[in-house]
Amino acid sequence: MAGVRLPIRTHPLQAFVTNHYTRSFRPIVASADMGFYVSQTPRGEMLLGSGIDSQPSYSYRSSYEFLSHCSLPAVTLLPFLRNLTILRQWAGVCDMSVDMSPIMGYTGVDGFLVTTGWGTWGFKGIPAGGEQMAELIAGDRTPELIAPFSLNRFQEDRLMFDPGSTATTH
Amino acid sequence: MVLRLACPHCGPRPVEEWMYGEVPDPPDYLTEADERDVDRGFMMSNTEGAKQERWFHAGGCRRWQTIERDTTL
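Since the structure is predicted, the reported quantities are computational estimates derived from the model, not experimental observations.

Visitor: I'd like a description of the overall build of chain B, backed by residues and values.
Guide: Secondary structure summary: chain B contains 1 helix and 5 strands in total. For chain B, the succession of helices and strands along the chain, N to C, is β-β-β-α-β-β. Relative to the 2.2 N^0.38 estimate, which gives 11 Å for 73 residues, the radius of gyration of chain B is 15 Å and therefore markedly larger than a compact globule would have. If you line up chain B on its principal axes, its C-alpha atoms span 40 × 25 × 15 Å.

Visitor: Kindly report on the overall build of chain A, identifying the contributing residues and their values.
Guide: What chain A contains, in helices and strands, is 3 helices and 7 strands. In chain A, the succession of α and β elements from N to C terminus is β-β-β-β-α-β-β-β-α-α. Based on the C-alpha atoms only, the size of chain A along its principal axes is roughly 55 × 30 × 25 Å. Relative to its 170 residues, chain A shows a buried fraction of 45%. Within chain A, contacts between residues at least 6 apart in sequence are counted, and of these 68% link residues at least 24 apart. When the 12 positive and 14 negative side-chain charges of chain A are each reduced to one mean point, those points stand 12 Å apart.

Visitor: Describe helix 1 (residues 64–77) of chain A, naming the residues involved and giving the relevant values.
Guide: Across its 14 residues, helix 1 of chain A extends 20 Å between first and last C-alpha, which sits within 8% of the 20 Å expected from 1.5 Å per residue. Its axis deflected by about 25° at Ser71(A), helix 1 of chain A carries its strongest bend there, up to four residues before the proline Pro73(A).

Visitor: Quick rundown of the sheet that holds strand 4 (residues 50–56) of chain B? Include the residues and the values.
Guide: Residue and element names in this part refer to chain B. Taken in spatial order, the 3 strands line up as 3-4-5 in an open sheet, and their pairing is antiparallel. What marks the edges here is a single partner per strand, and that holds for strand 3 (19–21) and strand 5 (64–70). Averaged over all pairs of adjacent strands, the angle between strand axes in this sheet comes to 45°, irrespective of strand direction. Of the pairings in the sheet, the one linking strand 4 to strand 5 comprises 7 bridges and is antiparallel in character.

Visitor: Break down the domain arrangement of chain A for me, citing the residues and quoting the values.
Guide: Domain assignment breaks chain A into domain 1 (13–94) and domain 2 (103–166). Using C-alpha coordinates to define each centre, domain 1 of chain A is positioned 30 Å away from domain 2 of chain A.

Visitor: How would you sum up the sheet that holds strand 4 (residues 45–52) of chain A? Please name residues and give values.
Guide: All names here are of chain A. Across the sheet, 5 strands lie side by side as 2-3-4-1-5; this open sheet has antiparallel pairing. Each end of this open sheet is capped by a strand with a single partner; those strands are strand 2 (29–31) and strand 5 (86–97). Each adjacent strand pair in this sheet contributes to an overall mean axis angle of 15°, direction not counted. As paired strands, strand 1 (residues 8–20) and strand 4 are joined by 5 bridges and run antiparallel to one another. Within the sheet, the bridge partner assigned to Phe16 lies in strand 4 and is Leu48. Relative to strand 4, helix 1 is tilted by about 120°, and along the sheet it contacts strand 1, strand 2, strand 3 (36–40), strand 4 and strand 5.

Visitor: Let's hear about helix 2 (residues 126–139) of chain A: which residues, and what values?
Guide: Residues and elements named next belong to chain A. The first and last C-alpha atoms of helix 2 sit 19 Å apart over 14 residues, in line with the 20 Å expected at 1.5 Å per residue. Packing partners of the buried residues in helix 2 comprise strand 6 (103–106) and strand 7 (113–116). Asp140, located one to two residues past helix 2, shows a positive phi value of around 60°.

Visitor: With reference to specific residues and values, describe the interface of chain B and chain A.
Guide: Tallying the contact residues gives 25 residues for chain B and 21 residues for chain A. Taking both partners together, chain B and chain A bury about 2,100 Å²; carbon and sulfur atoms supply 53% of that area. The largest per-residue losses of area from chain B upon contact with chain A belong to Phe42(B), Met44(B) and Asn46(B), which jointly make up 30% of the total buried on that side. Ionic pairing is found between Asp39(B) and Arg5(A), a salt bridge with its closest N-O pair at 2.7 Å. On the surface where chain B and chain A come into contact, there are 12 residue pairs in polar contact (both at pLDDT 80 or more). Counting residues per element, the side of chain B that touches chain A draws most heavily on helix 1 (residues 33–42) of chain B, which supplies 3 residues. Looking at the side of chain B that touches chain A, its residues break down into 14 nonpolar, 5 polar and 6 charged.

Visitor: Which residues make up the pattern of salt bridges, and what values do they have?
Guide: Residues and elements named next belong to chain B. Scanning all chains against the criterion turns up 9 salt bridges over all chains. The salt bridge involving Glu53 is made with Lys51; its shortest N-O contact spans 3.2 Å. For the pair shown, Glu53 and Lys51 are each scored as buried.

About the thresholds
Here the residue numbers are simple positions, counted from 1 along each chain's written sequence. Each chain gets a letter, beginning with A, and each ligand a number, beginning with 1, in the order they are written. Only residues with pLDDT of at least 70 get local features here, since the model is predicted, and only at 80 or more are side-chain atom pairs given and counted; chain-wide, interface and lining totals rely on the full set of residues. Computation of side-chain values: all heavy atoms of the structure, hydrogens and water removed. Helix and strand definitions follow DSSP, with helices as H or I runs of at least four residues and strands as E runs of at least two, each counted in order from the N terminus. What the globule rule says is 2.2 Å times the number of residues to the power 0.38, and the radius of gyration is computed from C-alpha atoms. Here's how the labels work: a residue is buried when its accessible area is under 20% of the maximum for its type, exposed when over 50%, partly exposed in between, all with a 1.4 Å probe on protein chains only. Contacts were defined at the residue level, with two residues in contact if any of their heavy atoms lie within 4.5 Å. His is not counted here, nor are the chain ends, while Lys and Arg score as positive and Asp and Glu score as negative. By convention, the point assigned to a charge is CZ for Arg, NZ for Lys, CD for Glu and CG for Asp. For a helix, the expected span equals 1.5 Å multiplied by the residue count minus one. Axes are fitted to the seven residues ending at a residue and to the seven starting at it; the angle between these axes is taken as the bend at that residue. Two strands form a pair only when DSSP identifies at least two bridges running between them. Interaxial angles span 0 to 180 degrees and are taken between N-to-C directions of axes, which are lines fitted to C-alpha atoms, for helices over the stretch in contact. Residue ranges for the domains originate in an automatic or database domain assignment. The term buried area denotes the loss of accessible surface (1.4 Å probe radius) that occurs when two parts are joined, taken as the sum for both partners. Whenever Lys or Arg places a side-chain nitrogen within 4 Å of a carboxyl oxygen from Asp or Glu, that contact is recorded as a salt bridge. By the criterion applied in these results, polar contacts are pairs of N or O atoms within 3.5 Å in which, for protein atoms, one can donate a hydrogen and the other can accept it, and in which residues neighboring in sequence qualify only through two side-chain atoms. Each residue gets one label: Ala, Val, Leu, Ile, Met, Phe, Trp, Tyr, Cys and Pro are nonpolar, Asp, Glu, Lys and Arg are charged, and the others, such as Gly, are polar.

Encoded structure:
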């Protein structure tokens, strides 16, 4: 416990897969307006997900409410999905920052750095984030690319609007 | 099974009916006024375990309630 206060809240994120869909479905379809996304896994299952659960929680609880909430826009946009059955459902937990953007860099505690707040779709931005963090640690200097993501942006009232790294809508 | 919150008026109701209200809780060791303001505005304890929370029952009695919840359940 380093005693560093972070603008981070942990929320569950649920997803589910259907049984095998025999035809190939190449695109990843995501609708920010309808609040869901769908893609096909290499095994042919259709993978569906939506936004985070509204309650802050560390629980891996899955819910029927999520299934019905996510299925309605899915079968509206892609009616063929209604013929599939749900195979399994799960939840993970996400670190959500106040401005929905990641936090990278020094914390004020000597030798203790953070890279957090990657939220729901961090896998798109995290390779570059990891590379830049390595450069920071090795070079002892914050690279220009991640300088705006520092923890002290909250003290400086300089919040981020960075849908590029989080793929969130505001 | 969806998370249910026990409303004093309406009984246990699904979390979809509720709106979460973050309660600022700056720690005592922050003494400087500006530091406390930043903490109240942005920082969160993100407690793992039981804690008291404020919830607005938007889909029910439309009252703010203080509810104790374990964030690991």
